[in-house]
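Residues per chain are reported as follows:
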Amino acid sequence: MGQVKTDARRNKGTLRQIADQWGLPRWIIKRVLSPHFPDRTPATSTIPSEQHSQLAGYYEQGMTFVQAWHDLVDNQDSWVPIGSLQRHFRQFDAERGKTQPDLGK
C-alpha cells in the first residue's frame, strides 16, 4: 500500500484514476490516502549519535554486541535495546565487508 501512496503523491490523480490504475476499489484508495492510514516506513535508530560513535569504538576494540550492551548497562548507566546494538554491529560488519557466520549449520 505504500506504493499506492507514493504513486498518488507523484501523479496527483483523482481517486477514480488511482483506483483504475491499481485495480482497487475507490474506498480502499481513499482509506490508504487518509492521513490516519499507517505509513510503513523503516524504523529509525534509537541510539543517539554520541552513543553510535561509542559503539563504533567498542566494535573496533573487538567487543561483541553483547559485551558492549553489558558495558553500557552496567558501567555507563544507560539503557539501549540489545536488538538495536545487534543491528548496529551487523551494520559495522557490512561496512567492513565481514560476513555473518551461518548459525544454522
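Attention in this report is confined to the structure presented alongside it. (Residues numbered from 1 in each chain as written. Predicted model: local features only at pLDDT ≥ 70, side-chain atom pairs only at ≥ 80, totals over all residues. Heavy atoms only, no water.)

## Some details on the overall build of the chain
If you tally the helices and strands in the chain, you get 6 helices and 0 strands. When burial is assessed residue by residue, the chain has 25% of its 105 residues classed as buried. The contacts in the chain between residues at least 6 apart in sequence include a share of 45% that link residues at least 24 apart. (Helix = DSSP H or I, 4+ residues; strand = E, 2+ residues; numbered from the N terminus. Buried < 20%, exposed > 50% of the residue type's maximum accessible area, 1.4 Å probe, protein only. Contact = heavy atoms within 4.5 Å.)

## A closer look at the packing of aromatic side chains
Summed over the entire model, instances satisfying the criterion amount to 3 aromatic pairs. Through successive ring pairs, a cluster of aromatic residues spans Tyr 59, Phe 89 and Phe 92. (Phe/Tyr/Trp six-rings, centres within 6.5 Å; stacked < 30°, edge-to-face > 60°.)

## Looking at the packing of helix α5 (residues 65-74) against helix α6 (residues 82-95)
For the pair α5 and α6, the least separation of the axes is 9 Å and the interaxial angle reads 135°. The angle between α5 and α6 falls in the class oblique. When you trace α5 past α6, the crossing you get is right-handed. Of α6, the residues touching α5 (which contributes Phe 65, Val 66, Ala 68, Trp 69 and Leu 72) are Ile 82, Leu 85, Gln 86 and Phe 89. Within the contact of α5 with α6, the residues separate by chemical class into 8 nonpolar, 1 polar and no charged. (Axes fitted to C-alpha atoms, helices over the stretch in contact; angles between N-to-C directions. Parallel < 35°, antiparallel > 145°, perpendicular 65-115°, else oblique. Left-handed = near helix turned anticlockwise from the far one by under 90°. Nonpolar A, V, L, I, M, F, W, Y, C, P; charged D, E, K, R; others polar.)

## Some details on the nonpolar core
In this structure, Ile 47, Leu 55, Ala 56, Tyr 58, Tyr 59, Ala 68, Trp 69, Leu 72, Val 80, Leu 85, Phe 89 and Phe 92 together form the largest nonpolar core, which totals 12 residues. Counting residues per element, the ones that place at least two in this core are α4 (49-60), α5 and α6. The biggest single contributor to this core is α4, with 4 residues. Of all hydrophobic cores here, the second largest spans 6 residues; its members include Ala 8, Ile 18, Ala 19 and Ile 29. (Core = buried A, V, L, I, M, F, W, Y, C linked by side-chain atoms within 4.5 Å.)

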